[in-house]
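Structural overview for review
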Amino acid sequence: VVLFTLTGCQAMTGRTAGRNIDDLTITASVKARLVADKLSNFTRIDVDTVNAVVSLTGLVESEHEKRRAEDIASLVEGVEKIINDLQVQKESPPKSE
């Protein structure tokens, strides 16, 4: 049964069960580091990992935060590449009274 499950997993995604577990571990580690960062608010970042390639999507407040999130993700063991698709939130112009 276990062999069938592992083989079925690989057949459906093209990845082994071990690779899936590694990717889930990388994703969890990146998310934990982003949430733990005291200098920025990275709660609106989504993290996905496929074959050790981490994709960052979501909103940040500045270019500095965009680069910082990528730097934090690069520190996680097992990350081979980062795709940084974070969008800098546009500040609304001040309202004139």
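Owing to the predicted nature of the structure, the values given are computational and were not obtained by experimental measurement.

1. Quick look at helix 2 (residues 17–36)
If you check helix 2, its first and last C-alpha atoms are 28 Å apart, about what 20 residues at 1.5 Å a residue would give, namely 28 Å. Looking at helix 2, one finds that the buried residues are Ala17, Asn20, Asp23, Ile26, Thr27, Val30 and Leu34.

2. Section: the nonpolar core
Core analysis: the biggest nonpolar cluster contains 17 residues, and Val30, Leu34, Ile45, Val54 and Leu56 have the highest contact counts within it. Looking at this core, the elements that each hand over two or more residues are helix 2, strand 1 (45–50), strand 2 (53–60), helix 3 (63–74) and strand 3 (81–88). Contacts of Ile45, omitting those with residues within four sequence positions, involve Leu34, Leu56, Thr57, Leu59, Val60, Ala69 and Leu86.

3. Side note on the sheet that holds strand 2
The strand order across the open sheet built from 3 strands is 1-2-3, with neighbouring strands paired in mixed fashion. Each edge of the sheet is formed by a strand with only one pairing partner; in this case those strands are strand 1 and strand 3. For this sheet, the mean inter-axis angle between neighbouring strands, taken without regard to orientation, is 10 degrees. Strand direction decides the pairing type here: strand 2 and strand 3, joined by 8 bridges, are parallel. When the sheet's bridge partners are listed, Ser55 is paired in strand 3 with Ile83. Most of the contacts of helix 2 go to strand 1, to which it runs at about 155 degrees, and overall it touches strand 1 and strand 2. Seen against the sheet, helix 3 touches strand 1, strand 2 and strand 3 and runs at an angle of roughly 155 degrees to strand 3.

Quick notes on the rules
- Residues numbered from 1 in each chain as written.
- Predicted model: local features only at pLDDT ≥ 70, side-chain atom pairs only at ≥ 80, totals over all residues.
- Heavy atoms only, no water.
- Helix = DSSP H or I, 4+ residues; strand = E, 2+ residues; numbered from the N terminus.
- Expected span 1.5 Å × (residues − 1).
- Buried < 20%, exposed > 50% of the residue type's maximum accessible area, 1.4 Å probe, protein only.
- Core = buried A, V, L, I, M, F, W, Y, C linked by side-chain atoms within 4.5 Å.
- Contact = heavy atoms within 4.5 Å.
- Pairing = 2+ DSSP bridges.
- Axes fitted to C-alpha atoms, helices over the stretch in contact; angles between N-to-C directions.

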